[in-house]
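# Working through the structure, step by step
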Amino acid sequence: MKAVVINEYGDKSVLQEEEISKPVIKENQVLVEVHATSINPIDWKLRAGYLKEMLDFSFPIILGWDVAGTIVEVGEKVTDYKIGDEVFARPDTTNEGTYAEFTTVDENLLAKKPKSLTFEEAASIPLAGLTAWQCLVDFTKVKKDDKVLIHAGAGGVGSLAIQIAKHLGAYVATTASEKNEAYVKELGADQIINYKTDDFAAELSDFDVVLDTMGGEILDKSFTVLKPNGRLVTIAGQPDQALAEKYQVEASGYWLNPDGKQLSELGELLDKGIVKSQVGHVFGFSAEQIKEAHELSETHHAKGKIVIKVK
(Lines give C-alpha, C1' and ligand atoms only; values in the text may rest on other atoms or scores of the structure.)
Protein backbone atom coordinates (compact mmCIF):
# COMPACT_ATOMS: atom_id res chain seq x y z
CA MET A 1 0.00 0.00 0.00
CA LYS A 2 1.00 3.62 -0.39
CA ALA A 3 1.80 5.52 2.81
CA VAL A 4 3.41 8.84 3.71
CA VAL A 5 6.04 8.16 6.38
CA ILE A 6 8.89 9.75 8.29
CA ASN A 7 12.21 7.96 8.80
CA GLU A 8 13.69 10.69 11.00
CA TYR A 9 12.51 13.74 12.95
CA GLY A 10 12.69 17.13 11.30
CA ASP A 11 10.85 19.77 9.27
CA LYS A 12 8.15 18.96 6.70
CA SER A 13 10.81 17.76 4.20
CA VAL A 14 11.14 14.46 6.14
CA LEU A 15 7.65 13.40 4.94
CA GLN A 16 8.10 10.76 2.19
CA GLU A 17 5.86 8.57 0.06
CA GLU A 18 6.66 4.85 0.31
CA GLU A 19 5.19 1.52 -0.75
CA ILE A 20 4.94 -0.61 2.38
CA SER A 21 3.12 -3.78 3.49
CA LYS A 22 -0.49 -3.55 4.59
CA PRO A 23 -0.78 -3.71 8.40
CA VAL A 24 -1.87 -7.05 9.90
CA ILE A 25 -4.91 -6.97 12.19
CA LYS A 26 -5.11 -8.55 15.64
CA GLU A 27 -8.17 -10.57 16.70
CA ASN A 28 -9.88 -7.49 18.26
CA GLN A 29 -9.18 -5.19 15.29
CA VAL A 30 -10.52 -4.34 11.85
CA LEU A 31 -8.63 -3.25 8.75
CA VAL A 32 -10.03 0.00 7.39
CA GLU A 33 -9.54 1.15 3.82
CA VAL A 34 -8.83 4.84 4.43
CA HIS A 35 -11.02 7.26 2.47
CA ALA A 36 -9.90 10.34 4.42
CA THR A 37 -7.77 11.41 7.36
CA SER A 38 -7.06 14.79 8.92
CA ILE A 39 -4.17 16.86 10.23
CA ASN A 40 -3.83 17.67 13.93
CA PRO A 41 -1.05 19.53 15.78
CA ILE A 42 0.13 16.21 17.27
CA ASP A 43 1.13 15.20 13.71
CA TRP A 44 3.73 17.91 13.16
CA LYS A 45 4.76 18.06 16.82
CA LEU A 46 5.69 14.39 16.63
CA ARG A 47 7.29 14.85 13.17
CA ALA A 48 9.48 17.67 14.57
CA GLY A 49 10.60 15.48 17.51
CA TYR A 50 8.83 17.44 20.26
CA LEU A 51 7.01 14.33 21.52
CA LYS A 52 9.75 11.72 21.21
CA GLU A 53 10.18 11.32 24.98
CA MET A 54 6.45 10.80 25.46
CA LEU A 55 5.84 8.67 22.35
CA ASP A 56 8.90 6.49 21.93
CA PHE A 57 8.17 5.11 18.44
CA SER A 58 10.57 3.29 16.15
CA PHE A 59 10.92 4.42 12.52
CA PRO A 60 9.39 4.38 10.00
CA ILE A 61 6.46 6.29 11.55
CA ILE A 62 3.17 6.79 9.74
CA LEU A 63 1.61 9.92 11.26
CA GLY A 64 -2.13 10.63 11.46
CA TRP A 65 -4.72 9.75 14.12
CA ASP A 66 -8.09 10.36 12.44
CA VAL A 67 -9.74 8.01 9.98
CA ALA A 68 -12.94 7.61 7.99
CA GLY A 69 -13.27 4.66 5.67
CA THR A 70 -14.67 1.21 4.95
CA ILE A 71 -13.93 -2.03 6.79
CA VAL A 72 -12.24 -4.58 4.50
CA GLU A 73 -11.16 -7.19 7.07
CA VAL A 74 -12.43 -8.18 10.51
CA GLY A 75 -10.60 -9.89 13.39
CA GLU A 76 -12.08 -13.13 14.78
CA LYS A 77 -13.11 -11.53 18.11
CA VAL A 78 -14.83 -8.51 16.54
CA THR A 79 -18.59 -8.76 17.15
CA ASP A 80 -20.27 -5.45 16.24
CA TYR A 81 -18.74 -4.64 12.85
CA LYS A 82 -18.56 -6.39 9.50
CA ILE A 83 -16.83 -6.02 6.13
CA GLY A 84 -18.35 -3.11 4.20
CA ASP A 85 -19.29 -1.01 7.24
CA GLU A 86 -18.50 2.68 6.87
CA VAL A 87 -16.75 3.83 10.05
CA PHE A 88 -14.78 6.66 11.61
CA ALA A 89 -12.35 6.56 14.51
CA ARG A 90 -9.52 8.07 16.48
CA PRO A 91 -7.27 4.97 16.40
CA ASP A 92 -4.78 4.11 19.11
CA THR A 93 -1.60 6.22 19.14
CA THR A 94 0.93 3.93 17.45
CA ASN A 95 3.62 4.34 14.78
CA GLU A 96 1.16 2.92 12.21
CA GLY A 97 -1.09 5.95 11.72
CA THR A 98 -3.55 6.98 9.03
CA TYR A 99 -1.49 8.67 6.29
CA ALA A 100 -1.91 5.38 4.44
CA GLU A 101 -4.31 3.49 2.19
CA PHE A 102 -5.13 1.04 5.01
CA THR A 103 -4.98 1.23 8.80
CA THR A 104 -5.92 -1.02 11.74
CA VAL A 105 -8.41 0.09 14.40
CA ASP A 106 -9.39 -1.62 17.68
CA GLU A 107 -13.10 -2.45 17.77
CA ASN A 108 -13.73 -0.43 20.95
CA LEU A 109 -12.41 2.73 19.23
CA LEU A 110 -14.71 2.43 16.19
CA ALA A 111 -17.99 4.21 15.50
CA LYS A 112 -20.34 3.97 12.53
CA LYS A 113 -19.83 6.92 10.19
CA PRO A 114 -22.74 9.37 10.48
CA LYS A 115 -24.90 8.81 7.38
CA SER A 116 -25.29 12.54 6.71
CA LEU A 117 -21.50 13.11 6.51
CA THR A 118 -19.05 12.59 3.67
CA PHE A 119 -15.87 10.66 4.46
CA GLU A 120 -13.95 13.96 4.47
CA GLU A 121 -16.37 15.49 6.98
CA ALA A 122 -16.29 12.37 9.16
CA ALA A 123 -12.48 12.30 9.17
CA SER A 124 -12.45 15.84 10.56
CA ILE A 125 -14.26 14.83 13.74
CA PRO A 126 -12.66 12.10 15.88
CA LEU A 127 -9.55 13.64 17.47
CA ALA A 128 -10.76 17.25 17.65
CA GLY A 129 -14.35 16.31 18.48
CA LEU A 130 -13.43 13.87 21.26
CA THR A 131 -10.95 16.38 22.67
CA ALA A 132 -13.62 19.09 22.82
CA TRP A 133 -16.21 16.66 24.18
CA GLN A 134 -13.99 15.23 26.92
CA CYS A 135 -12.68 18.65 27.98
CA LEU A 136 -16.19 20.14 28.26
CA VAL A 137 -18.39 17.19 29.25
CA ASP A 138 -16.13 14.86 31.25
CA PHE A 139 -13.47 17.13 32.69
CA THR A 140 -14.95 20.62 33.28
CA LYS A 141 -18.55 19.30 33.42
CA VAL A 142 -20.07 22.29 31.64
CA LYS A 143 -23.74 22.78 32.50
CA LYS A 144 -26.58 25.10 31.52
CA ASP A 145 -25.82 28.82 32.00
CA ASP A 146 -22.10 28.28 32.69
CA LYS A 147 -19.90 30.98 31.20
CA VAL A 148 -17.26 29.30 29.03
CA LEU A 149 -14.24 30.84 27.29
CA ILE A 150 -12.92 28.85 24.33
CA HIS A 151 -9.62 30.06 22.89
CA ALA A 152 -9.12 30.04 19.09
CA GLY A 153 -12.76 29.36 18.27
CA ALA A 154 -12.12 29.15 14.51
CA GLY A 155 -9.61 26.29 14.90
CA GLY A 156 -10.16 22.54 14.70
CA VAL A 157 -10.94 21.92 18.38
CA GLY A 158 -12.39 25.39 19.00
CA SER A 159 -14.95 25.22 16.18
CA LEU A 160 -16.39 21.98 17.57
CA ALA A 161 -16.06 23.07 21.23
CA ILE A 162 -18.21 26.17 20.64
CA GLN A 163 -21.01 24.00 19.24
CA ILE A 164 -20.77 21.42 22.04
CA ALA A 165 -20.74 24.11 24.75
CA LYS A 166 -23.83 25.74 23.20
CA HIS A 167 -25.53 22.31 23.07
CA LEU A 168 -24.82 22.01 26.83
CA GLY A 169 -26.56 25.37 27.39
CA ALA A 170 -23.51 27.51 28.12
CA TYR A 171 -22.80 31.18 27.39
CA VAL A 172 -19.74 31.06 25.12
CA ALA A 173 -17.01 33.65 24.62
CA THR A 174 -14.21 32.99 22.16
CA THR A 175 -11.08 34.60 20.75
CA ALA A 176 -10.77 34.98 16.98
CA SER A 177 -9.32 37.31 14.36
CA GLU A 178 -11.56 39.87 12.65
CA LYS A 179 -11.78 37.75 9.49
CA ASN A 180 -13.23 34.84 11.49
CA GLU A 181 -15.70 36.84 13.62
CA ALA A 182 -18.71 36.04 11.43
CA TYR A 183 -17.66 32.38 11.30
CA VAL A 184 -17.47 31.84 15.08
CA LYS A 185 -20.71 33.78 15.56
CA GLU A 186 -22.37 31.36 13.13
CA LEU A 187 -21.03 28.47 15.24
CA GLY A 188 -22.91 29.94 18.21
CA ALA A 189 -20.39 32.16 20.05
CA ASP A 190 -22.16 34.80 22.19
CA GLN A 191 -19.13 37.05 22.66
CA ILE A 192 -16.11 37.41 20.37
CA ILE A 193 -12.81 39.00 21.40
CA ASN A 194 -10.55 40.07 18.54
CA TYR A 195 -7.23 38.80 19.86
CA LYS A 196 -5.27 41.12 17.55
CA THR A 197 -6.76 44.33 18.96
CA ASP A 198 -8.30 43.44 22.33
CA ASP A 199 -7.16 41.75 25.53
CA PHE A 200 -9.53 38.97 26.58
CA ALA A 201 -8.29 39.23 30.19
CA ALA A 202 -9.40 42.87 30.34
CA GLU A 203 -12.82 42.12 28.83
CA LEU A 204 -13.90 38.95 30.60
CA SER A 205 -14.46 38.06 34.25
CA ASP A 206 -16.39 35.62 36.46
CA PHE A 207 -16.18 32.74 33.98
CA ASP A 208 -16.86 29.17 35.09
CA VAL A 209 -14.70 27.38 32.51
CA VAL A 210 -11.77 28.05 30.17
CA LEU A 211 -10.79 25.66 27.38
CA ASP A 212 -7.28 26.68 26.28
CA THR A 213 -5.82 25.48 22.99
CA MET A 214 -2.84 27.86 22.81
CA GLY A 215 -0.64 27.44 25.90
CA GLY A 216 2.10 29.87 27.02
CA GLU A 217 1.16 33.41 27.99
CA ILE A 218 -2.49 32.95 26.91
CA LEU A 219 -2.81 29.98 29.26
CA ASP A 220 -1.33 31.95 32.18
CA LYS A 221 -3.60 34.95 31.55
CA SER A 222 -6.66 32.70 31.38
CA PHE A 223 -6.62 32.20 35.15
CA THR A 224 -7.59 35.85 35.64
CA VAL A 225 -10.99 35.49 33.93
CA LEU A 226 -12.19 32.64 36.16
CA LYS A 227 -14.32 32.92 39.28
CA PRO A 228 -13.18 31.06 42.43
CA ASN A 229 -13.77 27.29 41.99
CA GLY A 230 -13.71 27.77 38.20
CA ARG A 231 -12.21 25.08 35.95
CA LEU A 232 -9.44 25.49 33.42
CA VAL A 233 -8.37 22.79 30.98
CA THR A 234 -5.60 23.11 28.41
CA ILE A 235 -4.57 20.88 25.52
CA ALA A 236 -1.34 22.87 25.06
CA GLY A 237 0.96 22.07 27.96
CA GLN A 238 0.61 22.03 31.73
CA PRO A 239 -0.97 24.88 33.73
CA ASP A 240 0.98 26.56 36.54
CA GLN A 241 -0.39 25.10 39.80
CA ALA A 242 0.85 28.16 41.73
CA LEU A 243 -1.56 30.25 39.63
CA ALA A 244 -4.33 27.71 40.20
CA GLU A 245 -3.84 28.11 43.96
CA LYS A 246 -3.65 31.90 43.73
CA TYR A 247 -6.95 32.14 41.84
CA GLN A 248 -8.55 29.19 43.71
CA VAL A 249 -9.40 27.26 40.56
CA GLU A 250 -8.97 23.73 39.30
CA ALA A 251 -6.54 23.53 36.37
CA SER A 252 -5.18 20.63 34.38
CA GLY A 253 -3.59 19.64 31.10
CA TYR A 254 -5.62 17.16 29.05
CA TRP A 255 -4.61 14.35 26.72
CA LEU A 256 -7.38 12.74 24.71
CA ASN A 257 -8.64 9.26 25.53
CA PRO A 258 -9.82 7.54 22.29
CA ASP A 259 -13.35 6.18 22.83
CA GLY A 260 -15.67 4.60 20.24
CA LYS A 261 -18.78 4.88 22.44
CA GLN A 262 -18.35 8.64 22.91
CA LEU A 263 -17.61 9.03 19.22
CA SER A 264 -20.94 7.29 18.48
CA GLU A 265 -22.71 9.83 20.75
CA LEU A 266 -20.99 12.63 18.87
CA GLY A 267 -22.04 10.93 15.61
CA GLU A 268 -25.69 11.18 16.70
CA LEU A 269 -25.33 14.93 17.33
CA LEU A 270 -23.78 15.26 13.86
CA ASP A 271 -26.58 13.30 12.19
CA LYS A 272 -29.17 15.49 13.95
CA GLY A 273 -27.35 18.65 12.80
CA ILE A 274 -26.80 19.80 16.41
CA VAL A 275 -23.04 19.74 15.77
CA LYS A 276 -21.72 20.35 12.26
CA SER A 277 -18.34 19.22 10.94
CA GLN A 278 -15.99 22.09 10.09
CA VAL A 279 -13.79 21.19 7.11
CA GLY A 280 -11.81 24.29 6.23
CA HIS A 281 -9.19 22.83 3.85
CA VAL A 282 -8.86 19.63 1.81
CA PHE A 283 -5.52 18.34 0.45
CA GLY A 284 -4.67 15.35 -1.74
CA PHE A 285 -2.88 12.20 -0.64
CA SER A 286 0.78 12.75 -1.53
CA ALA A 287 3.91 13.73 0.37
CA GLU A 288 3.87 17.15 -1.31
CA GLN A 289 0.24 17.86 -0.38
CA ILE A 290 0.73 16.65 3.20
CA LYS A 291 3.80 18.91 3.53
CA GLU A 292 1.57 21.85 2.55
CA ALA A 293 -1.07 20.71 5.05
CA HIS A 294 1.53 20.52 7.85
CA GLU A 295 2.78 23.99 6.95
CA LEU A 296 -0.76 25.37 7.20
CA SER A 297 -1.40 23.64 10.54
CA GLU A 298 1.85 25.02 11.96
CA THR A 299 0.66 28.61 11.36
CA HIS A 300 -2.09 28.07 14.00
CA HIS A 301 -4.36 30.06 11.66
CA ALA A 302 -6.17 27.31 9.74
CA LYS A 303 -9.94 27.73 9.76
CA GLY A 304 -11.75 24.57 10.86
CA LYS A 305 -10.11 21.23 10.14
CA ILE A 306 -7.48 20.30 7.56
CA VAL A 307 -8.49 17.08 5.80
CA ILE A 308 -6.53 14.72 3.53
CA LYS A 309 -8.64 12.97 0.87
CA VAL A 310 -7.02 9.54 0.49
CA LYS A 311 -9.47 7.66 -1.78
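Presented here is an overview of the structure given in this document. These figures come from a predicted structure and were not determined experimentally. (Residues numbered from 1 in each chain as written. Predicted model: local features only at pLDDT ≥ 70, side-chain atom pairs only at ≥ 80, totals over all residues. Heavy atoms only, no water.)

### Focus: the pattern of salt bridges
- Taken as a whole and assessed by the stated rule, the structure comprises 17 salt bridges.
- Its salt-bridge partner being Lys12, residue Glu295 comes within 2.9 Å of it at the nearest N-O pair. Taken together, the residues span a long stretch of sequence, with Glu295 in helix α10 (residues 287-298) and Lys12 in the loop between β1 (2-6) and β2 (15-19) at a distance of 283 residues.
- For Glu295, a relative accessible area of 41% corresponds to the partly exposed category.
- The salt bridge partner of Arg231 is Asp146, with a shortest N-O separation of 3.3 Å. With a gap of 85 residues between them, Arg231 in strand β13 (residues 226-234) and Asp146 in the loop between α3 (126-139) and β9 (147-150) connect regions that are remote in the sequence. Here the two residues Arg231 and Asp146 agree in accessibility, since each one is buried. (Salt bridge = Lys/Arg side-chain N within 4 Å of Asp/Glu carboxyl O. Helix = DSSP H or I, 4+ residues; strand = E, 2+ residues; numbered from the N terminus. Buried < 20%, exposed > 50% of the residue type's maximum accessible area, 1.4 Å probe, protein only.)

### Observations regarding the layout of surface pockets
- Of the voids in this model, the second largest pocket is the one considered here, and its volume is about 200 Å³.
- Around the second largest pocket sit 13 residues that line it, and Lys26, Gln29, Thr94, Thr104 and Asp106 are the ones nearest its centre.
- A total of four residues in the lining of the second largest pocket trace back to one element, the largest contributor, which is strand β7 (residues 102-106).
- For the lining of the second largest pocket, the per-class residue count stands at three nonpolar, six polar and four charged. (1 Å grid on protein atoms, 1.4 Å probe; cavity = no way out; pocket = protein on both sides within 12 Å on 5 of 7 lines; lining within 4 Å. Points joined across faces, edges and corners; volume = space filled by probe spheres on them. Nonpolar A, V, L, I, M, F, W, Y, C, P; charged D, E, K, R; others polar.)

### Notes on the sheet that holds strand β10 (residues 171-176)
- Taken in spatial order, the six strands make up an open sheet running β11-β10-β9-β12-β13-β14, and their pairing is parallel. Every other strand in the sheet has two partners, leaving β11 (191-194) and β14 (250-253) as the edge strands with one partner each. This sheet shows a mean twist of 15° between the axes of neighbouring strands, independent of strand direction.
- Bridge count for β9 against β10 is four bridges, and the pairing is parallel. Its bridge partner being in β10, Leu149 is matched across the sheet by Ala173.
- In the packing of α3 onto the sheet, the strands contacted are β9, β12 (207-212), β13 and β14, and the crossing angle to β13 comes to about 150°. (Pairing = 2+ DSSP bridges. Axes fitted to C-alpha atoms, helices over the stretch in contact; angles between N-to-C directions. Contact = heavy atoms within 4.5 Å.)

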